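Chain by chain, the residues run as shown.
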Amino acid sequence: LFQMGEHRDAARKEMRKRQKASRGLHGLDEAGVDAAHALLEQAQARIVMPAMSRPMDMFLRETRLENTFLTMPQQRNTAGRIFGGFLMRRAYELARSTAHIFGGRRP
């Protein structure tokens, strides 16, 4: 029983070590990491010289929308916290609006 626990701990430590070595790219194999680095190299022109990039290129952070919403008592549960379904609906509406703005037409 103790040997199984030690084996599991050793495997967990090895996995943590591999995750740190992959620079935060968790769950990717070697081909996935190489593809991510290739995409990063392609984006260097946009990062370093934005005026020289193609006009349709944009960063993901440029497509983000933010929304502030004041909740009323009817959107809260008995513990005084917001209902999960209400929060999910608001997240869906914001995602749909972002897709509409980014795509240029209704999703």
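Parameters and conventions
- Residues numbered from 1 in each chain as written.
- Predicted model: local features only at pLDDT ≥ 70, side-chain atom pairs only at ≥ 80, totals over all residues.
- Heavy atoms only, no water.
- Helix = DSSP H or I, 4+ residues; strand = E, 2+ residues; numbered from the N terminus.
- Rg over C-alpha atoms; globule rule 2.2 N^0.38 Å.
- Buried < 20%, exposed > 50% of the residue type's maximum accessible area, 1.4 Å probe, protein only.
- Contact = heavy atoms within 4.5 Å.
- Areas by Shrake-Rupley, 256 points an atom, 1.4 Å probe, with all protein chains shown as cover.
- Lys, Arg positive; Asp, Glu negative; His and termini not counted.
- Charge placed at Lys NZ, Arg CZ, Asp CG, Glu CD.
- Salt bridge = Lys/Arg side-chain N within 4 Å of Asp/Glu carboxyl O.
- pLDDT = per-residue confidence, 0-100.

S.K.: Quick question: what am I supposed to make of the overall build of the protein here?
M.R.: The helix and strand inventory of the protein stands at three helices and zero strands. Here the protein has a C-alpha radius of gyration of 22 Å; the compact-globule value for 107 residues is 13 Å, and the former is much larger. Counting only C-alpha atoms, the protein reaches 55 × 55 × 20 Å along its principal axes. Counting every position in the protein, which comprises 107 residues, the buried fraction comes to 11%. Counting only contacts in the protein whose residues sit at least 6 apart along the sequence, the fraction spanning at least 24 positions is 21%. Accessible area of the protein: about 9900 Å², with a carbon and sulfur share of 59%. Taken together, the 19 basic and 11 acidic charged side chains of the protein have centroids lying 10 Å from each other.

S.K.: Please clarify how the pattern of salt bridges should be interpreted in this entry.
M.R.: Between side chains of opposite charge, pairing is possible as soon as their charged atoms come close. A full pass over the atoms with the stated rule returns three salt bridges. Residue aspartate 9 is joined to arginine 12 by a salt bridge in which the shortest nitrogen-to-oxygen separation is 3.6 Å. Highlighted residues: aspartate 9 and arginine 12, both in helix H1 (residues 2–21), separated by three residues, approximately one helical turn. Given a relative accessible area of 34%, aspartate 9 falls into the partly exposed group. Overlapping salt bridges bring together Arg89, Arg90 and Glu93 as one network.

S.K.: What exactly am I supposed to notice about the confidence of the model for the protein here?
M.R.: Regions with low pLDDT should not have their predicted coordinates read in detail. Here the protein averages 81 in pLDDT, while 93% of its residues score no lower than 70. By mean pLDDT, the top-scoring element of the protein is H1 (87), and the lowest-scoring one is helix H2 (residues 30–48) (83).

S.K.: Explain the environment of asparagine 77 here, please?
M.R.: Looking at the secondary structure, you find asparagine 77 in the loop between H2 and helix H3 (84–103). Judged by its relative accessible area of 31%, asparagine 77 falls in the partly exposed class. In the structure, asparagine 77 is positioned 24 residues away from isoleucine 101 in sequence and 33 Å away in space, judged by C-alpha atoms. In this structure, asparagine 77 is in contact with Ile82 and Phe83, ignoring residues within four places of it in sequence.

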